[in-house]
Amino acid sequence: MISVPRGIRRRGESRLPRRTYSIRSVRGAGKPDVPGYGVDHMIPIAQPVIGQEEINAVQEVITSGMLARGSYVDQFEQEFAQYCGTKCAVAMNSGTAALHSTLYALGMAQGDEVIVPDFTFIATASSVRMAGATPVFVDINEKSYNIQPEAILEHITPKTRAVIGVHLYGQPFDVRAVSEICEDHGLVLIEDCAQAHGARYEGRKVGSFGTAGCFSFYPTKNMTTSEGGMVTTDDPHLAMKLRKIIDHGQDIKYRHDLIGFNFRMTNIEAAIGRVQLGKLDAMNERRQKNAAYLLQHLPASGIGLPYCAPQSHHVYHQFVIRLEEKLGISQDDFMRMMHERGIQTAIHYPIPLHKQPVFAHAVNGTRCPVSETCACSVLSLPVHPSISEQECRYICTQISEVV
Ligand SMILES: *Cc1c(COP(=O)(O)O)cnc(C)c1O
């Protein structure tokens, strides 16, 4: 049993919170553990693990009156940097803001090209356009779903300034190969860690490899602050510039030497984040335990199971299967059959970025065949920490029946 403290750590205590929190969700507490699933009783695809500790932490902040940026944000930044093994961390109000302000701080602008994987959430690429630069889409590896290092090489031009690698679904991309390419060609490496809090590559945490690591704390992610984001970096100058950019370009109070945004995180969000960070390893272990069960008990033919590279510590933000062609069932039909059986599923992602209406006009001729195939064959199953072994078993038997 994990013991439950009465409140959160007091102000001034900036030590990394130890894993002493319960990861039982208040919301899921009354959920019956017996099957009887159907359209009225679904196993959700995602569910934040919010317990009494988060409620207490929020209450403490609201009572204090310090609602916007304050000491909770400072402490959350320190603890998050320490967790990732970086010198600095800068909190902001979303993962998109983390990417956008990082690109802006690094001077990406019109005429610059930034290489991104074709198969990821839109924010990886839209943030490049927000900064004024041009995203260049490259294909992914069909086993890991992560960016193909060889494809990066094919797309480097004299205008290329940076690569954003995404640790998709919770599995680190090939950091060694991508870092080498960036070094050889003088490119900046930015890690999109929005789906991979706590994931490790060759034993080291993601967010500590690139010039910057960008995290999201949206409620479906491995940890949440409601909305929120963070940039990790070892470069104190970059951290300082980011702090300025997210606070109206202010260097000293009411003196502004660049055009900035209001991308600040609130004390309320940081209070939730500190509790969640204390639970992160336990929540990830639950995801891994559920993933191990699914890997072992799902049928071995008709569907493709997730691959985990030996140097990866995969934190299973998503557990993604592939519907093989010989199965003869479309994503929509499979999702409907799962829905009828009370299992919510999702497609991450149904449209490759180069085919998104907002980008398609600008990328005539781009070809990413693996990304295109994955978009019409992947399916995410529930794997989040609130799923019991019984629910995992239920998911496996239902899929076995369908397949
Ligand atoms: C969620 C996500 C983002 C954006 O984060 P928000 O907090 O929703 O703005 C960026 N990249 C990836 C890969 C994501 O999954």
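Just above, that's the structure.
> Please clarify how the overall build of the chain should be interpreted in this entry.
Scanning the chain from terminus to terminus reveals twelve helices and 15 strands. Here the C-alpha atoms of the chain give a radius of gyration of 21 Å, agreeing with the 22 Å that 2.2 N^0.38 yields for 403 residues. Along the longest, intermediate and shortest principal axes, the C-alpha atoms of the chain span 65 × 60 × 35 Å. Split into buried and exposed, the 403 residues of the chain put 56% on the buried side. Looking at the chain alone, contacts between residues at least 24 apart form 71% of all its contacts between residues at least 6 apart. As displayed, the chain has an accessible area near 17,300 Å², and 52% of this comes from carbon and sulfur atoms.

> What's the story with the environment of G260 in this structure? I'm lost.
Here G260 shows up in the loop between β11 (255-256) and α8 (267-297). For the pair G260 and D247, spaced 13 residues apart in sequence, the C-alpha to C-alpha distance is 6.2 Å.

> Quick question: what am I supposed to make of the site of the ligand here?
The immediate surroundings of the ligand are formed by 15 residues, with G95, T96, D192, S216 and K221 found nearest. D192 places a polar side-chain atom, nitrogen or oxygen, 2.8 Å from a nitrogen atom of the ligand. Take K221: an N or O atom from its side chain is 2.7 Å from an oxygen atom of the ligand. A total of 380 Å² of accessible area belongs to the ligand in isolation, and the protein chains cover 93% of it. When residues in the shell around the ligand are grouped by element, the largest group, three residues, is from helix α3 (residues 95-105). Residues that form the shell around the ligand fall into these classes: five nonpolar, eight polar and two charged.

> What's the story with the side chain of Q318 in this structure? I'm lost.
Within the element layout of this structure, Q318 appears in the loop between β13 (312-313) and β14 (319-323). Discounting residues that sit within four places of it in the chain, Q318 has contacts with Y169, H348, S380 and V383.

> Before we go on, may I ask you to explain the sheet that holds strand β12 (residues 303-304) in this structure?
Working definition: the strands of a sheet are paired by backbone hydrogen bonds and lie parallel or antiparallel to each other. Strand order in the open sheet formed by three strands is β12-β14-β15, and the pairing between neighbours is antiparallel. On the outer flanks of this sheet lie β12 and β15 (378-381), each paired with one strand and no other. Sheet analysis places β12 next to β14, joined by two bridges and oriented antiparallel. Within β14, the position partnered with I303 by the bridge is L323.

> What's the story with the nonpolar core in this structure? I'm lost.
Note on soluble globular proteins: their nonpolar side chains tend to be buried together. One finds F119, Y145, L298, F319, I321 and F334 to be the most contacted residues of the largest nonpolar core, which totals 39 residues. A total of six residues in this core trace back to one element, the largest contributor, which is helix α12 (residues 389-402). Looking at which domains feed residues into this core, each of domain 1 (52-137 + 145-275) and domain 2 (281-402) gives three or more. If we skip the residues at most four places from it in the chain, F334 touches I321, L323, L327, I329, L379, I399, V402 and V403. With 31 residues, the next largest nonpolar core counts V128, A133, V231 and F263 among its residues.

> What is the right way to read helix α7 (residues 236-245) from this model?
Because an α-helix completes one turn every 3.6 residues, residues spaced three or four positions apart along the sequence face the same direction. Among all positions in α7, only L238, A239, L242 and I245 are buried. Viewed end-on, α7 has its buried residues packed into an arc of 120°, placing them on one side of the element. Away from the buried face of α7 by more than 90 degrees, exposed residues H237 and M240 are located. Buried residues belonging to α7 abut β1 (88-92), α3, β8 (212-216) and β9 (229-233). Its side-chain oxygen at 2.9 Å from the backbone nitrogen of H237, D235 defines the N-terminal cap of α7.

> Help me out: how do you make sense of the pairing of β9 in this one?
The side chains of a regular strand alternate between both faces of the sheet. Burial analysis of β9 places five of its five residues in the buried class, which makes it a mostly covered element. In this sheet, β9 lies alongside β1 in antiparallel orientation, the contact comprising five bridges. Counterpart to C88 in the pairing with β9 is T233.

> Help me out: how do you make sense of the packing of aromatic side chains in this one?
Any aromatic ring pair is given by two values, namely how distant the centres are and how the planes are angled relative to each other. Scanning the model with the defined rule gives 13 aromatic pairs in all. Judged by centre distance (5.4 Å) and plane angle (50°), the ring pair of F76 and F217 falls under tilted. Here F76 is found in helix α2 (residues 71-84), whereas its partner F217 is found in the loop between β8 and β9, with 141 residues between them in sequence. Like F217, F76 is buried. Summarising the aromatic geometry, the rings of F137 and F359 are spaced 5.2 Å apart at their centres and angled 55° between planes, so their arrangement reads as tilted. Remark: F359 occurs in helix α10 (residues 357-360) and F137 occurs in strand β3 (residues 134-138); sequence separation between them is 222 residues. Exposure remark for F137: the relative accessible area of 3% places this residue in the buried category. By way of ring pairs, the aromatic residues F76, F80, F215 and F217 are connected into one cluster. Taking the ring centre of Y83 as reference, the NZ or CZ of K205 above it sits at 3.9 Å.

Cut-offs used in this document
- Residues numbered from 1 in each chain as written.
- Predicted model: local features only at pLDDT ≥ 70, side-chain atom pairs only at ≥ 80, totals over all residues.
- Heavy atoms only, no water.
- Helix = DSSP H or I, 4+ residues; strand = E, 2+ residues; numbered from the N terminus.
- Rg over C-alpha atoms; globule rule 2.2 N^0.38 Å.
- Buried < 20%, exposed > 50% of the residue type's maximum accessible area, 1.4 Å probe, protein only.
- Contact = heavy atoms within 4.5 Å.
- Areas by Shrake-Rupley, 256 points an atom, 1.4 Å probe, with all protein chains shown as cover.
- Near = heavy atom within 4 Å.
- Polar contact = N/O pair within 3.5 Å; in protein donor to acceptor, adjacent residues only side chain to side chain.
- Nonpolar A, V, L, I, M, F, W, Y, C, P; charged D, E, K, R; others polar.
- Pairing = 2+ DSSP bridges.
- Core = buried A, V, L, I, M, F, W, Y, C linked by side-chain atoms within 4.5 Å.
- Domains from an automatic or database assignment.
- Arc of directions from axis to C-beta.
- Phe/Tyr/Trp six-rings, centres within 6.5 Å; stacked < 30°, edge-to-face > 60°.
- Lys NZ or Arg CZ within 6 Å of the ring centre and 35° of its normal.

Remember that the coordinates give geometry; whether it matters functionally is a separate question.
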